[in-house]
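Spelled out, the chains give:
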Amino acid sequence: MNDASQEIPADYSPSKTVTSLPATLAIPHDYAGMRFDAALAKLYPDHSRSRLQEWLKAGLIQLDGKPAAGKSHVLGGERIDFSADMSGVLQTHDHAAEDIALTIVFEDDELIVIDKPAGLVVHPGNGNASGTLLNALLHHAPQLAEIPRAGIVHRLDKDTSGLLVVAKTLTAQTDLVRQLQARTVHRHYLALALGIIEHGGTIDAPLGRHPVHRTKMAVVRSGGREARTHYLVRECFAKATLLECQLETGRTHQIRVHLASRGNPLAGDPVYGKTCSGDARIDAFRRQALHAWQLALVHPVSRLDVSWESPLPDDFAQLLEDLRGESNGQLNGQHNGQLSGKPDGEIRHK
């Protein structure tokens, strides 16, 4: 059980909850017998248990002035002491800020919603030490240097375009991670899959590392992680089908692998796709035809439902227009190149 699902004691006083950076606090007597890390998670709900455990391991949290393990049990009344300077541990990376243009769809004191272009890597890694979204975020909002992963809570593949949310505070980051775990963040994608798909459905197949090609993901029946993708048919062409996909889980390359597993890889996908579709226009598309179109979540402070949409990027939109020129495209919505907000059918949020 993670800290997001634990129950708060009925007699717990909200005034005891610390919502800013840690400060010295006494453990309530009614916490007697509780694990120290569980007590910390209740007293400091704006910080995830994993983050608190990292601070414990680093010796930044003490119990009555002495180091204590997270699994140790408390008696109640002990004093929790934090390091005088927590900023050092919050600085979890040393990546450089870079002046890289960003398309910002929304921003307030808690969130930034980015419309990521295809070709932009989200996080530095092997072969991508700079020029990433993280580098751009550190330039746009320098305070993100004090947030793990610069506030990034989910990712898009390099050549996938569309919406991505970033947390600007520890409180917002913890809340968004818990929403992702609870599957209350709704992410809808537009995907051009090869072949004809006549009806919508759900792909429920666990994913894991490919047993031979370790840089790829695959459907792994034994030992794979739960993965579920819902899809609707939006438009049919002679050699491809435009789908609207909703992620119920968010595994690496999930939509790409799931569609490829049913024989309908994404157009242009260099890893999971086919070399020839039979349509030169589709074969000339040099990235996976996948766009994070809609994003909906609960604002971490206002608790209001908020959502955003991103129009198709030019290359994807042009490909669809070229395919529609055949005069045999059948769109479940509008025929003027603008996707309707509500398709014919419904992807149900679970």
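Residues numbered from 1 in each chain as written. Predicted model: local features only at pLDDT ≥ 70, side-chain atom pairs only at ≥ 80, totals over all residues. Heavy atoms only, no water.

## Let's talk about the confidence of the model for the protein
Note the threshold: pLDDT expresses, on a scale from 0 to 100, how confident the predictor is about each individual residue. Contact between two residues is taken to exist if any of their heavy atoms lie within 4.5 Å; hydrogens are not considered.
Across the protein, pLDDT averages 84, with 83% of residues at or above 70. Low pLDDT, under 50, characterises residues 1–19; the stretch is placed with 32 contacts to residues that sit more than four places away or in other chains. With pLDDT under 50 throughout, residues 331–350 is counted as low confidence; its partners more than four residues away or in other chains account for 39 contacts.

## Topic: the pattern of salt bridges
Defined as follows: The rule for a salt bridge is simple: a side-chain nitrogen of Lys or Arg has to be within 4 Å of a carboxyl oxygen of Asp or Glu.
Taken as a whole and assessed by the stated rule, the structure comprises 16 salt bridges. Connected through salt bridges with shared partners, the residues Arg183, Asp204, Glu226, Arg228 and Glu248 form a single ionic network.

## As for the nonpolar core
Defined as follows: Here, the term nonpolar core denotes a set of buried Ala, Val, Leu, Ile, Met, Phe, Trp, Tyr and Cys residues that are joined through side-chain atoms within 4.5 Å. Whether a residue is buried, partly exposed or exposed follows from its accessible area with a 1.4 Å probe, protein chains only, as a fraction of its type maximum: under 20%, in between, or over 50%, in that order. Helix and strand definitions follow DSSP, with helices as H or I runs of at least four residues and strands as E runs of at least two, each counted in order from the N terminus.
Core analysis: the biggest nonpolar cluster contains 35 residues, and Leu137, Leu144, Tyr189, Leu243, Cys245 and Leu259 have the highest contact counts within it. Among the elements of the structure, strand E6 (111–116), helix H4 (133–140), strand E7 (161–167), strand E8 (186–194), strand E12 (228–236), strand E13 (240–247), helix H6 (254–261) and strand E14 (290–298) are those that each provide at least two residues to this core. The biggest single contributor to this core is H4, with four residues. Not counting chain neighbours up to four residues away, the residues in contact with leucine 259 comprise Ala191, Ala193, Ile203, Leu243, Cys245, Asn264, Pro265 and Leu266. Core analysis: the second largest hydrophobic core is formed by 19 residues, Ile27, Met34, Leu63 and Val74 among them.

## Describing the pairing of E6
Regular strands have side chains that alternate between both faces of the sheet. The test is simple: By the convention used here, strands pair only if DSSP detects at least 2 bridges between them.
With six of six residues buried, E6 lies mostly within the body of the structure. Here E6 shows a buried face lined by Leu111, Val113 and Asp115 and a second buried face lined by Ile112, Ile114 and Lys116. Note that strand E5 (residues 104–107) and E6 share three bridges and pair antiparallel. By the bridge assignment for E6, glutamate 107 is matched with isoleucine 112.

## Focus on the packing of helix H1 (residues 36–43) against helix H2 (residues 49–57)
To be explicit about the condition: The axes used here are C-alpha line fits, helices contributing only the stretch in contact, and every angle between their N-to-C directions lies in the interval 0 to 180 degrees. Roughly parallel means an angle under 35 degrees; roughly antiparallel, over 145; roughly perpendicular, 65 to 115; everything else is oblique. A crossing counts as left-handed when the near helix is turned anticlockwise from the far one by less than a right angle, and as right-handed when that turn is clockwise. Gly is put with the polar residues, along with every residue not named as nonpolar or charged; the nonpolar set is Ala, Val, Leu, Ile, Met, Phe, Trp, Tyr, Cys and Pro, and the charged set is Asp, Glu, Lys and Arg.
Here H1 crosses H2 at 125°, and the two axes come no closer than 10 Å. Viewed along their axes, H1 and H2 adopt a mutual orientation that is oblique. As H1 packs across H2, the resulting crossing turns out to be right-handed. Here Phe36, Asp37, Ala38, Leu40 and Ala41 of H1 lie close against H2, whose contacting residues are Arg49, Leu52, Gln53 and Leu56. Grouping the amino acids of the contact of H1 with H2 by side-chain chemistry returns six nonpolar, one polar and two charged.

## A few points about the packing of aromatic side chains
The condition that has to hold: Two rings from Phe, Tyr or Trp (for Trp, the six-membered ring) form a pair when their centres are within 6.5 Å of each other. A pair whose planes differ by under 30 degrees is stacked, one over 60 is edge-to-face, and the rest are tilted.
Counted under the stated rule, the structure contains four aromatic pairs. Between tyrosine 44 and phenylalanine 82, the aromatic rings sit 5.2 Å apart at their centres with planes inclined by 75°, giving edge-to-face as the arrangement. Placement of tyrosine 44 in the loop between H1 and H2 and of phenylalanine 82 in strand E4 (residues 79–82) is noted, with a sequence separation of 38 residues between them. Its relative accessible area of 0% is what places tyrosine 44 among the buried residues. Summarising the aromatic geometry, the rings of phenylalanine 285 and phenylalanine 316 are spaced 6.2 Å apart at their centres and angled 55° between planes, so their arrangement reads as tilted. One end of the pair, phenylalanine 285, is in the loop between helix H7 (280–283) and E14; the other, phenylalanine 316, is in helix H8 (residues 314–324), with 31 residues separating them in the sequence. Under the relative-accessibility criterion, phenylalanine 316 is labelled buried at 0%.

## Concerning H4
When you tally the buried positions in H4, you get six out of eight residues, the bulk of the element. In this fold, the buried residues of H4 make contact with E6 and E7.

## Thoughts on the environment of leucine 242
Position of leucine 242 relative to the elements: it lies in strand E13. The buried category is assigned to leucine 242, whose relative accessible area is 0%. Through-space distance from the C-alpha of leucine 242 to that of alanine 191 is 5.7 Å; in sequence the pair is 51 residues apart.

## Details of the side chain of histidine 253
Our working rule: Counted as a polar contact is a pair of N or O atoms within 3.5 Å, where, for protein atoms, one must be capable of donating a hydrogen and the other of accepting one, and residues adjacent in sequence contribute only when both atoms are in side chains.
In this fold, histidine 253 is placed in the loop between E13 and H6. The class for histidine 253 is buried, based on a relative accessible area of 18%. Separated by 2.7 Å, the side chains of histidine 253 and tyrosine 272 make a polar contact.

## Quick look at the pairing of E13
In terms of burial, E13 is a largely internal element, eight of the eight residues being buried. The sheet contact formed by E8 and E13 spans eight bridges and is antiparallel. Bridge pairing in E13 links leucine 190 to glutamate 244. Pairing of E12 with E13 involves seven bridges; the strand directions are antiparallel. Residue pairing in the sheet places cysteine 236 in a bridge with threonine 241 of E13.

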